[in-house]
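# An overview of the molecular structure
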Amino acid sequence: MKTFALVCGLTVLVVSTGVIAYGNQPEARPIDVLGYTLLVAMCASLLWLRARPEPALAGSLGATGLYFVQGYAYSLWPAAALLAVHVTISSGRRLAGWTGVGILVGVPAVAVLLEPEVDNAVALFVWVLLVLVVAQPAEVSRARREYVTAVEQRAAEAERTREEEALRRAQEERLKVARELHDVTSHTVSVIALHAAVAAEAVERAGGPPEAREALQVIRTASREALAEMKAVLGVLRPPPTEPQTEPQPDTPTTRLPPGPGHPLVTRPLPGSGELPDLLATATLPVSLDVRGEPRPLPPAVDLTVYRVVQEALTNTMRHAAATSASVRLDYADASVTVQVDDDGAGGSSPPGHGLTGMAERVNAVGGRLSTGTRPGGGFRVTARLPVGEEHA
């Protein structure tokens, strides 16, 4: 509605000034039907200026140029073309806008060359200044609009990046909590359940009191229920497979414990390869340890990963493999350490869960490679090669 009102007002202004100007320029061509048609056309073209600036500019320029060539009286009739040029440039269509500027300047320049008089040259100079006065502010407006748009885009991108970073850090913390919950608590509860089962069988063979058997059975049942509930919690902490997972980060060398009543925040060293003998002693089946190469201190993240790989592999062996024995081999090389866990159980029979996923995440976090599968001759094998030294860095 505003555009239509503008076009109507501009048409009245152009037509009326054209009629008045002819009275002061008797040597000009009288405004006839063609003249009125061109005046209306150059203004009517502006109706499409907002939606389609280039066609509107072309229509206005065409009518303006033809009106000038026909020799009608000079008045405000170029106003429509100047307005079209300004809007076109300020909207970002620089090529079309400055092409219009060239046409507005070029057509009268050719006329001056055909009639080289001083008055015509002065009039051309004034006209060029007028066109530039209209076009240059449009260029400034365009640049300012693009700058504001770029600033808004950068601000939106920065906000989106901050949100993604916050989500990534939150997901990393969730994954760390899930790994620790599975590797530490799940392993401990599994050992309790298995030892309770062994103790219950021993009490039954020895003819012990039924209260002891019932108590051990309660411990075994409660442990299994705790494992099931823990698995459900891990499913909440870990994202579904369809969601993109963040790259896991290596664990820090200490674990912070929340402050309790009367004592400050403390740290507890995380286990490493030096605690492997104690870990193997808690297993419910014979486990041998074979260390090859020259043992040496490992980076904290790698040392913890060695312990967690052995812990998770033995947990799976005791819970799912129905194995009678297992072996752990730790091989120190110049630029890496390799940990391998073998058992003689039903290889590949363990159900899918979070254990192997967490194990793979830990190994990948320190730049290592993990392979799992049935070993030759039966049983299951877990092998992790972890870089140390310059390769780890």
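Residue positions are given per chain, counting from 1 as you read along its sequence in written order. With pLDDT at 70 or above as the cut-off, local features in this predicted model cover only qualifying residues; side-chain atom pairs require 80 or more to be listed or tallied, and sums for whole chains, interfaces and linings still use all residues. Side-chain numbers here rest on the full set of heavy atoms in the structure, without hydrogens or water.

Turning to the overall build of the chain, a few remarks are in order. Only runs of H or I of at least four residues qualify as helices and only runs of E of at least two qualify as strands under DSSP, and these elements are numbered from the N terminus. Within the chain one finds eleven helices and seven strands. Within the chain, residue pairs in contact and separated by at least 24 positions form 71% of the contacts whose partners lie at least 6 positions apart. Of the roughly 21700 Å² that the chain leaves accessible, carbon and sulfur atoms contribute 62%. Any two residues having at least one pair of non-hydrogen atoms within 4.5 Å are treated as being in contact. Accessible surface is estimated by sampling points in the Shrake-Rupley manner with a 1.4 Å probe; for residues, cover comes only from the protein chains shown.

Note on geometry: axes are C-alpha line fits, over the in-contact stretch for helices, and angles between N-to-C directions span 0 to 180 degrees. In the contact formed by helix H3 (residues 53-69) and helix H4 (residues 79-90), the axes pass within 9 Å of each other and the chain directions differ by 155°. Put simply, H3 runs roughly antiparallel to H4. Relative to H4, H3 is oriented so that their crossing is left-handed. Contact residues: H3 offers Pro53, Leu57, Ser60, Leu61 and Thr64, while H4 offers Ala80, Ala81, Ala84, Val85 and Thr88. Gly is put with the polar residues, along with every residue not named as nonpolar or charged; the nonpolar set is Ala, Val, Leu, Ile, Met, Phe, Trp, Tyr, Cys and Pro, and the charged set is Asp, Glu, Lys and Arg. Residues belonging to the contact of H3 with H4 are distributed by class as follows: seven nonpolar, three polar and no charged. Should an angle fall under 35 degrees it is called roughly parallel, over 145 degrees roughly antiparallel, and 65 to 115 degrees roughly perpendicular, with every other angle called oblique. Take the far helix as the reference: if the near one is turned anticlockwise from it by less than a right angle, the crossing is left-handed, and if turned clockwise, right-handed.

Glancing now at the pattern of salt bridges. Any two side chains of opposite charge can pair, so long as their charged atoms come close to each other. Salt bridge, as used here: a side-chain nitrogen of Lys or Arg that lies within 4 Å of a carboxyl oxygen of Asp or Glu. All chains considered together, the criterion is met by twelve salt bridges. The shortest N-O distance in the salt bridge between Arg162 and Glu159 comes to 2.5 Å. Placement of both Arg162 and Glu159 in helix H6 (residues 118-205) is noted, with a separation of three residues, approximately one turn of the helix. Burial classes follow relative accessibility: with a 1.4 Å probe on protein chains only, a residue under 20% of its type's maximum area counts as buried, one over 50% as exposed, and anything between as partly exposed. Assessed through its relative accessible area of 36%, Glu159 is described here as partly exposed. A salt bridge links Asp290 to Arg292; its shortest N-O distance comes to 2.9 Å.

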